[in-house]
Amino acid sequence: MKNESLKTQFAPAERYPIKEIKSQFKILNNNKLLANLIDSVSQMLVILNPKRQIVFTNKFFRNFLDIEDEKSIFGSRIGEALNCIHANNATGGCGTTEFCSKCGAVKAILESQKGLQSTKECRISISDSDALDLRVTATPFLYDETEYTIFVINDISHEKRRQTLERFFFHDVLNSAGGISGLSGIMKDIKDPDEIAEISQMINRSAENLIEEIQSQRQLSAAERGDLDLNITESSSLTQLKYIAELYSKHETTNGKIIKIDQTAEDFLFKTDMVLFRRIVGNMLKNALEATYVGSTVTLSSGKNQNQFNFSVHNNSYIDHSIQLQLFKRSFSTKGIGRGIGTYSMKLLGEKYLNGKVWFESNKEKGTTFFLAL
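Residues numbered from 1 in each chain as written. Predicted model: local features only at pLDDT ≥ 70, side-chain atom pairs only at ≥ 80, totals over all residues. Heavy atoms only, no water.

Participant: Residue-level account of the overall build of the chain, with values.
Facilitator: In terms of helices and strands, the chain carries eleven helices and twelve strands. A fraction of 63% describes how many contacts in the chain between residues 6 or more apart in sequence connect residues 24 or more apart. Surface summary for the chain: the accessible area is close to 19,600 Å², and the carbon and sulfur share equals 49%. (Helix = DSSP H or I, 4+ residues; strand = E, 2+ residues; numbered from the N terminus. Contact = heavy atoms within 4.5 Å. Areas by Shrake-Rupley, 256 points an atom, 1.4 Å probe, with all protein chains shown as cover.)

So, in C-alpha cells, the structure goes:
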C-alpha cells in the first residue's frame, strides 16, 4: 500500500521510508554539540520529522520506554512509541483516528509545524484501564533545510491524580459537609416533632452520601496503586439490582426521576466482589440519573449468556459524539474540571479487578446504555 492511499480522520497519514529516517538521524547525530545538548536535558525529549516520525531521542525518553537502542522506534510516532491503544486503530497509525482529534500531543505537533511553539496536556490510554497524563511542548526546529519538531514530554500523572483528589474533596465532600452543617444549624430553631424527624432523615442521608464519597475515592486510590483486595462472594442478580435501585432511590440525583428493573431481567447466581460490583453499576446508575430529565425512567437489567453474566443501565438521553470519544478518561467530565472519576472507575474496577468488560452504546433513537459483562 502506498503512503498516498492511507486514509486519515485527523492528521496526515503519510510517512517517510526507513531509509530516509536513517538519513535524517545521521544528519542530526553528526552534530555532536546538538546530540550532547539533547542528552543533557533532564526531561524526555524527542525530535520528530515533518511526518511526525521519531528520528532522535534522549536518554530520559529511552529510559522511560525501557529501551537501549533508539533505532528500534525510528519511524514510529509518539503514540506508537508510548503504546497508545488508539495508535493501531487505523492503517495510518498515530494521529489518524477520530480519537486523535482530541489528543493534545498531536495538536501541539501540528501547531508547531505552522511555526508556533505549543504546550498542551494530553492523556494517552495505554490500556483499557491505564493511561499516561502528559504535558507536552512542541517547538519548530529548522535544521539542514528540514523542518523538525523538538518535542518535550513531562509525565504529570501524579500531579493530575492529586488535583483530582483535591477537587473531589473541595467539591463533593465540602458540599455534603456543608449540607449537614446547614441542616443541623436550623434544627435547633424547629419545634415541630415531624419536621425535626424529617430534617434528621435528611442529615442522615447527607452523612451517608459523605461517607460513600470518601469510601469511593479511597477505593479508587487503592485500585490505582494496585492495593485493592477482592472479597469474592455469591449473590443473585436481581438481589443486587434491587439493592442498588433502593440505595439510589433516596439519592439527590434521583429527585423526580424513576428507577426501575426491566421486567425481562433474568435472575441468576454469580460470583464476584459485590462491593466493587455495586460501585460499578451504582456509578452507571448515578451517571444515567444525572443525564436524565425529571419524569424520565432509568432501567436496570441483567441477562445470562452461557458463562457470561451481563448487566446494563439504560436512559433515554444521547451522549454527544465528541463526549463519547473521551468518556472513560480519568480527568474528563461534563460536570467540571477534576470530576471525571465515575466512568473512569467503571473501567478500572470492572476490567482490571473483576476481569470483566465495560462499555456503552449511545444513539439518538435508543438513548444510552452502559454495560458490564462478567
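Participant: Before we move on, can you summarise the environment of Lys257 with the specific residues and values?
Facilitator: Residue placement: Lys257 occurs in the loop between helix H8 (237-249) and strand E7 (258-261). Along the sequence, Lys257 and Gly295 sit 38 residues apart, while their C-alpha atoms lie 4.9 Å from each other. Engagement of the side chain of Lys257 in a polar contact is seen with the backbone oxygen of Leu289, the distance being 2.7 Å. Here the side chain of Lys257 touches Thr292 through a polar contact of 3.2 Å, landing on its backbone oxygen. (Polar contact = N/O pair within 3.5 Å; in protein donor to acceptor, adjacent residues only side chain to side chain.)

Participant: Give a detailed account of the side chain of Ser362, specifying residues and quantitative values.
Facilitator: With respect to the secondary-structure elements, Ser362 resides in strand E11 (residues 357-363). Of note is the side chain of Ser362, whose polar atom sits 2.7 Å from the side chain of Thr368.

Participant: Requested: an account of the pattern of salt bridges, with residues and values cited.
Facilitator: Across all of its chains, the model carries seven salt bridges by this definition. When the shortest N-O distance is used, the salt bridge between Arg62 and Glu70 registers 3.7 Å. For Arg62, a relative accessible area of 14% puts it in the buried group. For Glu70, a relative accessible area of 12% gives the class buried. Between Lys347 and Glu351 there is a salt bridge whose closest N-O contact spans 3.0 Å. Placement of the pair is Lys347 and Glu351 together in helix H11 (residues 342-353), with a separation of four residues, close to one helical turn. Overall, the relative accessible area of 12% leaves Glu351 in the buried class. (Salt bridge = Lys/Arg side-chain N within 4 Å of Asp/Glu carboxyl O. Buried < 20%, exposed > 50% of the residue type's maximum accessible area, 1.4 Å probe, protein only.)

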